[in-house]
Amino acid sequence: MTDAYDEFGLFAENAAEVGLEWGGPPTVERVSVPVDGDRRLSAMRWGVGDPEVVLLHGGAQNAHTWDTVLLALDRPAVALDLPGHGHSDWRDDHAYSPSNNAADIAVAVDALAPGAAMVVGMSLGGLTSFCLAASRPDLVARLAVVDVTPGTDHAKAEPIVTFISGPELFASFDEILERTVEFNPTRSVSSLRRGILHNARPNPDGTWTWRWDPVKDWDLADGEQAMPDFGPLWDHVDAVEAPLHLLRGGTAGSVVADEDVEQVLRRQPDAEVITVDGAGHSIQGDRPLELAAHLDRFLRS
């Protein structure tokens, strides 16, 4: 059982878990932008003043994945829910490719943060940010990509694919928590509980289901779950004009291999590549304070 959910009521837990000084609730509001007819993209606007940072989460996540990072960063920001995730509407065609996502994100950034100094993208959000930087360079002054490249494939991401390809419906909150803990053994149970509250919802019959659209237009290949070939997106990496920072996890959970780093540096010789020790794929979850410090340095550079 869980108490009544307040999406803005858990920030003190985030702060306490990593030892951040708690000065009271941050200024955060939920906003949305129409992107295609009646379909809307949702976002969390942090702080007062023009947003300095735009953040894009990974697949099967939502904007709350950045909560601890943004508490530590303490800058005005917009954390977006990708299409089909969080509080954003689902696409009728279930086509959540990085390029399709980038088209929607561009509309939202134009409306909410056109002068942002940096875009941060993790996993699917990172691939989306490459597409955004290539198609709308005016919206991407700096680009920080968290643990992904177009070289990420099914083999590198197999544990993640296995997790998100699991059941869509759970008998109880405890059942969905148990599966999440099983696939995230290095994370605290309290952080995973918060994550589920943000990323899942109860049904009237007491069952629980994820907030993200479980259907993707690439989902099935010969009856098996599959990832698309992101290789063509290397052309978008070539097209990035902004200063590029790639952060990769330092443990086996990272989906960025040495050969991927070599590709990035061949295409963007001035890119900065940083390995975050103790982090897997979800650097914002495993090492949020370190990630916030790196992002702050990028913004000051």
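Attention here is on the structure that accompanies the text. Quick caveat, the model's predicted, so the values are computed rather than measured.

Turning next to the overall build of the chain. Of regular secondary structure, the chain possesses 11 helices and 13 strands. Computed over the C-alpha atoms, the radius of gyration of the chain is 18 Å, within 12% of the 19 Å expected from 2.2 N^0.38 for a compact globule of 301 residues. Here the analysis covers contacts within the chain between residues at least 6 apart in sequence; of these, 71% occur between residues at least 24 apart. Here the chain displays about 13,000 Å² of accessible surface, and carbon together with sulfur accounts for 50% of that area. Across the chain, the mean location of the 22 positive side-chain charges is 4 Å away from that of the 48 negative side-chain charges.

Running from amino to carboxyl end, helix 6 (residues 173–183) crosses helix 7 (residues 189–199) at an angle of 120 degrees, the nearest separation of the two axes being 10 Å. Considering their axes alone, helix 6 and helix 7 lie oblique with respect to each other. The handedness of the crossing between helix 6 and helix 7 is right-handed. Counted together, F173, I176, L177, T180 and V181 of helix 6 and V189, L192, R193, I196 and L197 of helix 7 form the full contact between these two elements.

A few words now on a negative patch on the surface. A grouping of D153, D229, E259 and E262 is seen on the molecular surface, where their side chains present a negatively charged patch. With respect to the helices, strands and loops of the structure, D229 is situated in the loop between strand 11 (224–225) and helix 8 (234–239). When its relative accessible area of 63% is taken as the criterion, D229 is described as exposed.

Another point: the sheet that holds strand 8 (residues 200–202). Strand order in this open sheet of three strands is 7-9-8, and the pairing throughout is antiparallel. Strand pairing shows two members of the sheet lacking a second neighbour, strand 7 (169–170) and strand 8, which therefore form its edges. Direction of pairing for strand 7 relative to strand 9 (residues 208–210): antiparallel, over a ladder of two bridges. What sits directly across from F170, in strand 9, is W208.

Moving on, we come to the environment of L291. Mapping L291 onto the fold places it in helix 11 (residues 288–300). The residues contacting L291, other than those within four sequence positions of it, are W66, V69, V146, L247, I283 and Q284.

A word on the pattern of salt bridges. Applying the stated criterion to the full structure yields 19 salt bridges. Measuring nitrogen to oxygen at the nearest pair gives 3.3 Å for the salt bridge that ties R194 to E17. Remark: E17 occurs in helix 1 (residues 11–18) and R194 occurs in helix 7; sequence separation between them is 177 residues. Given a relative accessible area of 35%, E17 falls into the partly exposed group. R39 is the salt-bridge partner of D36, the closest N and O atoms lying 3.5 Å from each other. In this structure D36 comes out as partly exposed when scored by relative accessible area, which is 49%. On the basis of relative accessibility, which here comes to 10%, the residue R39 falls in the buried class.

What counts and what doesn't
- Residues numbered from 1 in each chain as written.
- Predicted model: local features only at pLDDT ≥ 70, side-chain atom pairs only at ≥ 80, totals over all residues.
- Heavy atoms only, no water.
- Helix = DSSP H or I, 4+ residues; strand = E, 2+ residues; numbered from the N terminus.
- Rg over C-alpha atoms; globule rule 2.2 N^0.38 Å.
- Contact = heavy atoms within 4.5 Å.
- Areas by Shrake-Rupley, 256 points an atom, 1.4 Å probe, with all protein chains shown as cover.
- Lys, Arg positive; Asp, Glu negative; His and termini not counted.
- Charge placed at Lys NZ, Arg CZ, Asp CG, Glu CD.
- Axes fitted to C-alpha atoms, helices over the stretch in contact; angles between N-to-C directions.
- Parallel < 35°, antiparallel > 145°, perpendicular 65-115°, else oblique.
- Left-handed = near helix turned anticlockwise from the far one by under 90°.
- Patch = residues over 30% accessible without salt bridge, like charges linked within 9 Å, V, L, I, M, F, W, Y side chains within 5 Å.
- Salt bridge = Lys/Arg side-chain N within 4 Å of Asp/Glu carboxyl O.
- Buried < 20%, exposed > 50% of the residue type's maximum accessible area, 1.4 Å probe, protein only.
- Pairing = 2+ DSSP bridges.

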